[in-house]
Amino acid sequence: METVTGTVTHDPPHAAGGRQGRPLIVTEDAVLLDDLLRLCAAAGATPEVHHSVPAQRGGWESAPLVLVGDDAARRVRGAARRRGVVLVGRDQDDSGVWRRAVEIGADHVLVLPDGEQWLVDRIADVAEGVGRPALTVGVVGGRGGAGASTLACALAVTSAREGLRTLLVDADPLGGGLDVLLGGETVEGLRWPAFAASRGRVGGGALEESLPELHRLRLLSWDRGDCVAIPPQAVRAVLAAARRRGGTVIVDLPRRIDDGIAEVLAQLDVGLLVVPAELRAVAASGRMASAVGMVLRDLRVAVRGPYAPGLDDREVARLLGLPLVGEVPVESSLLRPDGGKAPPGASARGPLARFCKEFWERSTTEAGTA
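The structure presented is a predicted model; accordingly, all values stated were derived computationally and were not measured.

## A look at the overall build of the protein chain
Right, on to step 1. For the protein chain, the helix and strand inventory stands at twelve helices and 14 strands.
Right, on to step 2. Along the first, second and third principal axes, the C-alpha set of the protein chain runs to 80 × 40 × 40 Å.
Right, on to step 3. Counting all 370 residues of the protein chain, 49% fall into the buried class.
Right, on to step 4. The long-range fraction of contacts in the protein chain, counting pairs at least 24 apart against all pairs at least 6 apart in sequence, stands at 71%.
Right, on to step 5. Accessible surface, the protein chain as shown: approximately 17,300 Å² in total, 50% of it carbon and sulfur.

Here it is as structure tokens:
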């Protein structure tokens, strides 16, 4: 049992049949009930409300989260012990609340109004059915024109084709727009500027549904306006929401580190540094690797030919001191003046798609998500 001063320490129990149930509120305090209903509404959840332990079989045991008003502690004292019980009170000076929490087997003691944001987050986790977070991969060029955006798009297109929930994030406001690279600049949906005022928690489901859908993936890109920066707290909230939905998140990173990009790097599982195999690119990539590596521990190198004399993919990785992912193959259709009509990685039999598929197979196995 603990106070609500940190993050949730365990996963909520799941309802029977693999479906998320509704949170359960137990209280007769009308004022407290109004507050709890308001917080449930803010989290997008519709609770069940009872004055004591529900009479129906399994009502207490199957609820993914139980909020017990301090007034009802005595009435639930004999209920079966379970995880996910929160005792909610208002009097911070009432030392007896700890004894009552122990008596009912509560995991947490929450005092309103101080614990409101924690409780909204906890209820929202229940409403969204939070499971394993998305495998989140960032792609950055060792120098300009390295092909990082092309690889990021190919990874996303391949992930979506494999049936994974996929979100592609364009974190480079000066990169020209991944929606253009995917041929979807006119597709309706929200872009980064719409989330600039985001604070606290962003609903993962609402975020996904609001974004443009292209090639079976969701895309968060930039519009054609003047906004070229998003506050770090908004970046943190949006990316956290994207990761809660599971599947994969791919982020196309700029070649600069500011506060917003630092927030992105902090949430990545793996970073791919795309390096053309020539000496100046390797030198520039070394500086980029040093900057990114200050935040991201798992940074790997993907080498792109043609190779300068004396270089191959293993030598580039050795010079940079990074693990080698492999050689990024050239997609001949992307070399045409119009860039081809299909997005990178669209051909499942193409060399770029095969490279991306092998990367996902290895990565999901390493992450235990296969």
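## Re the nonpolar core
Right, on to step 1. Within the largest apolar cluster, 43 residues are counted, with the highest numbers of intra-cluster contacts made by Val251, Leu273 and Val316.
Right, on to step 2. When contributions to this core are tallied by element, the ones reaching two or more residues are strand S8 (166-170), helix H8 (232-244), strand S11 (248-252), helix H9 (259-267), strand S12 (270-276), helix H10 (279-293), strand S13 (299-304) and helix H11 (313-320).
Right, on to step 3. Ranked by the residues each element gives to this core, the list is headed by H8, at seven residues.
Right, on to step 4. Once residues within four sequence positions are removed from consideration, Val316 is found in contact with Val275, Ala277, Val282, Val301, Val303 and Leu311.
Right, on to step 5. Counting 31 residues, the second largest nonpolar core, distinct from the first, contains Ala148, Leu168, Leu217 and Trp360.

## Here we look at the sheet that holds strand S14 (residues 324-328)
Right, on to step 1. Within the open sheet, the eight strands sit side by side as S9-S10-S8-S11-S7-S12-S13-S14. Their pairing is mixed. Lying at the two open borders of the sheet, with one neighbouring strand each, are strand S9 (213-214) and S14.
Right, on to step 2. Contacts between H10 and the sheet are confined to strand S7 (135-141), S12 and S13, with S12 contributing the most and set at about 165 degrees to the helix.
Right, on to step 3. Where helix H12 (residues 351-367) meets the sheet, its contacts fall on S7, S11, S12, S13 and S14, and the angle it forms with S14 comes to roughly 165 degrees.

## Remarks on H8
Right, on to step 1. In a regular helix each residue adds 1.5 Å, so 13 residues correspond to 18 Å; H8 covers 18 Å between its end C-alpha atoms and thus fits that length.
Right, on to step 2. Taken as a whole, H8 has its buried residues at Ala234, Val235, Ala237, Val238, Leu239, Ala241, Ala242, Arg243 and Arg244.
Right, on to step 3. Looking one or two places after H8, you find Gly246, whose phi comes out positive at around 80 degrees.

## Some thoughts on the packing of aromatic side chains
Right, on to step 1. In this structure the tally under the stated criterion is two aromatic pairs.
Right, on to step 2. Taking the centre distance of 6.0 Å and the plane angle of 35 degrees together, the rings of Trp192 and Trp222 count as tilted. With Trp192 in the loop between helix H6 (178-181) and helix H7 (204-210) and Trp222 in the loop between strand S10 (217-220) and H8, this pair connects stretches of sequence that are 30 residues apart. Here the two residues Trp192 and Trp222 agree in accessibility, since each one is buried.
Right, on to step 3. Here the aromatic rings of Phe359 and Trp360 are separated by 5.3 Å at their centres, their planes lie at 65 degrees, and the arrangement is edge-to-face.

## As for unusual backbone geometry
Right, on to step 1. With omega at 5 degrees, the peptide bond leading from Leu112 into Pro113 counts as cis.
Right, on to step 2. Along the polypeptide, Pro113 turns up in the loop between strand S6 (108-111) and helix H4 (116-128).
Right, on to step 3. Following Gly305, the chain continues into Pro306 via a peptide bond in cis, with omega recorded as 5 degrees.
Right, on to step 4. Here Pro306 shows up in the loop between S13 and H11.
Right, on to step 5. Even without a glycine there, the phi angle at His215 is positive, about 55 degrees.
Right, on to step 6. Position of His215 among the secondary structure elements: in the loop between S9 and S10.

Definitions and cut-offs
- Residues numbered from 1 in each chain as written.
- Predicted model: local features only at pLDDT ≥ 70, side-chain atom pairs only at ≥ 80, totals over all residues.
- Heavy atoms only, no water.
- Helix = DSSP H or I, 4+ residues; strand = E, 2+ residues; numbered from the N terminus.
- Buried < 20%, exposed > 50% of the residue type's maximum accessible area, 1.4 Å probe, protein only.
- Contact = heavy atoms within 4.5 Å.
- Areas by Shrake-Rupley, 256 points an atom, 1.4 Å probe, with all protein chains shown as cover.
- Core = buried A, V, L, I, M, F, W, Y, C linked by side-chain atoms within 4.5 Å.
- Pairing = 2+ DSSP bridges.
- Axes fitted to C-alpha atoms, helices over the stretch in contact; angles between N-to-C directions.
- Expected span 1.5 Å × (residues − 1).
- Phe/Tyr/Trp six-rings, centres within 6.5 Å; stacked < 30°, edge-to-face > 60°.

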